[in-house]
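As a plain string of letters, each chain reads:
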Amino acid sequence: MSTLLQKEARMTTTCPGSDSIQGLPGNKGDGLERECSRKPDQKPLKSYGVGDPTAMFSSGSPYLSSRGSVIKWFWDSAEEGYRTYHMDEYDEDENPSGIINLGTSENKLCFDLLSRRVSPSAPLSGIPSSEGLSSLGFPGILPPESWLLASVAPALESGGPALPWGPRSLPLGRLSQSDMLQVEPSLLQYPDWRGHLFLREEVARFLSFYCRSPAPLKPENVVVLNGCASLFSALATVLCEAGEAFLIPAPYYGAITQHVYLYGNVRLVSVYLDSEVTGLETRPFQLTVEKLEMALQGANSEGVKVKGLILINPQNPLGDVYSPAELQGYLEFARRHELHVMVDEVYMLSVFEESVGYRSVLSLERLPDPQRTHVMWATSKDFGMSGLRFGTLYTENRDVATAVASLCRYHGLSGLTQYQMAQLLRDRDWINQVYLPENHARLRTAHTYVSEDLRALGIPFVSRGAGFFIWVDLRKYLPEATFEEEVLLWRRFLENKVLLSFGKAFECKEPGWFRLVFSDKTHRLRLGMQRVRQVLEGQPQVAEDAPPRQIQEPRGPHR
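As annotated in an unreviewed UniProt entry, the protein chain carries the name Aminotransferase class I/classII large domain-containing protein and is attributed to Muntiacus muntjak.

Next up, the structure:
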């Protein structure tokens, strides 16, 4: 994400904790290998920060409006690591010395689960024939999804050579079987901008089941868009006036800054969390209602109008999961102050440790303010389809749903994609009996591999059995406790051909934390962790109680 300069105020006061606490019962299974505390002589963290996304913007393009120049600047400042990565991507066969990406939060473990939904040796009966489409008024024309498959059908059916655009052939699977490729005239026409009714009905049934809602959810409360990024952007635009703000616990998924700002000119007020553990019933980076109250008061004192609260559950980058009691407390806080609550549950089905006990906000018996509670979910993470761009909003507020639906003119899905999503979401037997159990098992295995490597290196981390990432504490590898040193360490990783995400990209206020994504194949994880180890073994360690130095604000790459 781009650099955020923060206007900071109000400091919290906390007690020092233990340097090294293993298996603390009060942490409720959060998987922390060593919990970190601040020394008594260190300055306490600021409790909040009002974001100014364009504070470092200096000059624009003569060819762009001022708004266009800012949008371009966001792109230029946010993509350094990913531009480098895409120019030198690791490939087992063609570029084995390329960059391993442990920075992008994608599930790369489960493509075969989708592809095995139909036997690879099955005929391509899912591709409609020219004759079959003639009855729909398209003589001799195949639907767009079938063009690619039809062009490679002979090679796939005969076991022919690898396809020309890559080293491995394209398997047939769940997204290319007959029920996924049907074409109806209505799918090629303008839809209801909220989404086709058949899809919204399926989404309502899907969320009712997996969110365990006490009553069936209603399709009229569902809006579908092309991903959660568009949902954040649309909600910010329809809920806030330009210059207003949302509260958000930090560290947080940094791209949300762009999502709410680029169209809506809405800012974020970071509610800073720290790693200190102050007792048996606390955990690192824990959000409390008291911290929310302090951040709201601080923003108001600076003349910033706060209109809502953003919650990510399970949390990115912490992998934290809010308990029902915590959720209820946050929602009651929002109700008292008449704040909207946007709840991002995009990792809802990626909780791979059963002991975690995840609960959706839609499972609560009573929402304190249902007209101001808006829940989003997408297939990007839980189904490993980040390139498909499908997201959904559930809100009981009809005005909000209608306003967001109006923006679906610019953020909608094709009818063909909507049909495919409905078919996927209704396949409950496959999801429950095949996909989710195997996906969770693979996530657990990958998580275990990386966490054991970190443990062997003596590196503390935070992870609670949800999401695709581990929040890693590399503070002892910084010569000085500054974000400038954090970025230098990040660049050493990149030079050694492994991409991570550094903490400042998530607005973490403690330099030295990194997000490491583990949801990848074994051979890439093994090589990526070898490269991480090489960097750290060549990096001198400093005393862990060294006082922090002046904070420098780097630009941050992050997705």
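More follows now that the structure is in view.
Caption draft 1: Highlighting the overall build of the protein chain. Across its full length, the protein chain carries 16 helices and 15 strands. Per-residue burial over the protein chain gives 56% buried out of 559 residues. Of the contacts formed within the protein chain by residues at least 6 apart in sequence, a portion of 77% connects residues at least 24 apart. When the accessible surface of the protein chain is totalled, it reaches about 22900 Å², and 51% of it is carbon and sulfur.

Caption draft 2: The side chain of K476, seen in detail. Mapped onto the elements, K476 comes out in the loop between strand 12 (469-473) and helix 15 (483-495). Here G458 takes part through its backbone oxygen, which lies 2.8 Å from a polar atom of the side chain of K476.

Caption draft 3: Spatial organisation of the pattern of salt bridges. Applying the stated rule across the entire model yields 22 salt bridges. Among the salt bridges present, the one from D192 reaches R200, with a minimum N-O distance of 3.4 Å. Close ionic contact of R336 with E293 constitutes a salt bridge, the shortest N to O distance being 2.9 Å. Remark: E293 occurs in helix 9 (residues 289-301) and R336 occurs in helix 10 (residues 324-336); sequence separation between them is 43 residues.

Caption draft 4: Quick peek at the sheet that holds strand 15 (residues 513-517). Strand order in the open sheet made by the four strands is 11-12-15-14, with antiparallel pairing throughout. Each edge of the sheet is formed by a strand with only one pairing partner; in this case those strands are strand 11 (461-462) and strand 14 (501-502). Here strand 12 pairs with strand 15 via five bridges, running antiparallel. Within strand 15, the position partnered with W471 by the bridge is R515. Running at roughly 10 degrees to strand 12, helix 14 (residues 428-456) makes contact with strand 11, strand 12 and strand 15 of the sheet. The sheet strands contacting helix 15 are strand 14 and strand 15, and the helix crosses strand 15 at an angle near 30 degrees.

Caption draft 5: Highlighting the pairing of strand 12. Of all five residues that make up strand 12, five are buried, and the element is covered over most of its length. Examined bridge by bridge, strand 11 and strand 12 share two bridges and lie antiparallel to one another. Within strand 12, the position partnered with F461 by the bridge is V472. Hairpin connection between strand 11 and strand 12: a loop of six residues separates the two successive antiparallel strands, and G465 in this loop has a positive phi of roughly 85 degrees.

Caption draft 6: Highlighting the environment of Y48. You can see Y48 is positioned in strand 2 (residues 46-52). A distance of 3.1 Å separates a polar side-chain atom of Y48 from the backbone oxygen of G298. Within the structure, the side chain of Y48 is placed 2.6 Å from the side chain of E302, a separation counted as a polar contact.

Caption draft 7: Local environment of the pairing of strand 10 (residues 391-395). Within strand 10, five of the five residues are buried, which leaves the element mostly enclosed by the surrounding structure. Burial along strand 10 is two-sided: the residues G391, L393 and T395 and T392 and Y394 are all buried. Judged from the four bridges that link them, strand 4 (residues 222-225) and strand 10 form a sheet pairing that is antiparallel. Residue V224 lies in a different strand from strand 10, and its bridge partner there is T392.

Caption draft 8: Highlighting the nonpolar core. Counting residues in hydrophobic clusters, the biggest one holds 146 residues, and the most contacted among them are F206, F246, L247, F383 and F493. In terms of residues, this core owes the most to one element, helix 14, which gives eight residues. If we ignore the near neighbours within four places in the chain, the residues touching F493 are L474, V498, L500, F514, V532, V535 and L536.

Caption draft 9: A look at helix 12 (residues 398-411). For helix 12, which comprises 14 residues, the first-to-last C-alpha distance of 19 Å matches the rise-based estimate of 20 Å (1.5 Å per residue) to within 8%. In this fold, the buried residues of helix 12 make contact with strand 4, helix 7 (228-239), strand 9 (373-378) and strand 10. At the N-terminal boundary of helix 12, the capping side chain belongs to N397, with an oxygen 3.0 Å from the backbone nitrogen of D399.

Caption draft 10: Broad picture of the environment of T379. Note that T379 resides in helix 11 (residues 379-382). The spatial distance from the C-alpha of T379 to the C-alpha of T392 is 9.1 Å, given a sequence separation of 13 residues. Among residues more than four places away in sequence, those in contact with T379 are G384, M385, F390 and M421.

Caption draft 11: How the structure looks around the packing of aromatic side chains. For the coordinates displayed, the defined rule picks out 21 aromatic pairs. The structure contains a cluster of three or more aromatic residues connected by ring pairs, namely F206, F209, Y210, W377, F383, W430 and Y435. Above the face of the F209 ring, R428 is positioned so that its terminal group lies 4.7 Å from the ring centre. Of note, K504 hangs over the ring of F483, and the distance from its end group to the ring centre comes to 5.1 Å.

Caption draft 12: Here's a closer look at the confidence of the model for the protein chain. For the protein chain, mean pLDDT is 82; residues scoring 70 or higher make up 77% of the total. This stretch, residues 1-41, has a pLDDT under 50; its non-local contacts, to residues over four places away or in other chains, come to 142 contacts. A low-confidence stretch, residues 543-558 (pLDDT under 50), is modelled with 57 contacts involving residues beyond four sequence positions or located in other chains.

The rules behind the values
Residues numbered from 1 in each chain as written. Predicted model: local features only at pLDDT ≥ 70, side-chain atom pairs only at ≥ 80, totals over all residues. Heavy atoms only, no water. Helix = DSSP H or I, 4+ residues; strand = E, 2+ residues; numbered from the N terminus. Buried < 20%, exposed > 50% of the residue type's maximum accessible area, 1.4 Å probe, protein only. Contact = heavy atoms within 4.5 Å. Areas by Shrake-Rupley, 256 points an atom, 1.4 Å probe, with all protein chains shown as cover. Polar contact = N/O pair within 3.5 Å; in protein donor to acceptor, adjacent residues only side chain to side chain. Salt bridge = Lys/Arg side-chain N within 4 Å of Asp/Glu carboxyl O. Pairing = 2+ DSSP bridges. Axes fitted to C-alpha atoms, helices over the stretch in contact; angles between N-to-C directions. Core = buried A, V, L, I, M, F, W, Y, C linked by side-chain atoms within 4.5 Å. Expected span 1.5 Å × (residues − 1). Phe/Tyr/Trp six-rings, centres within 6.5 Å; stacked < 30°, edge-to-face > 60°. Lys NZ or Arg CZ within 6 Å of the ring centre and 35° of its normal. pLDDT = per-residue confidence, 0-100.

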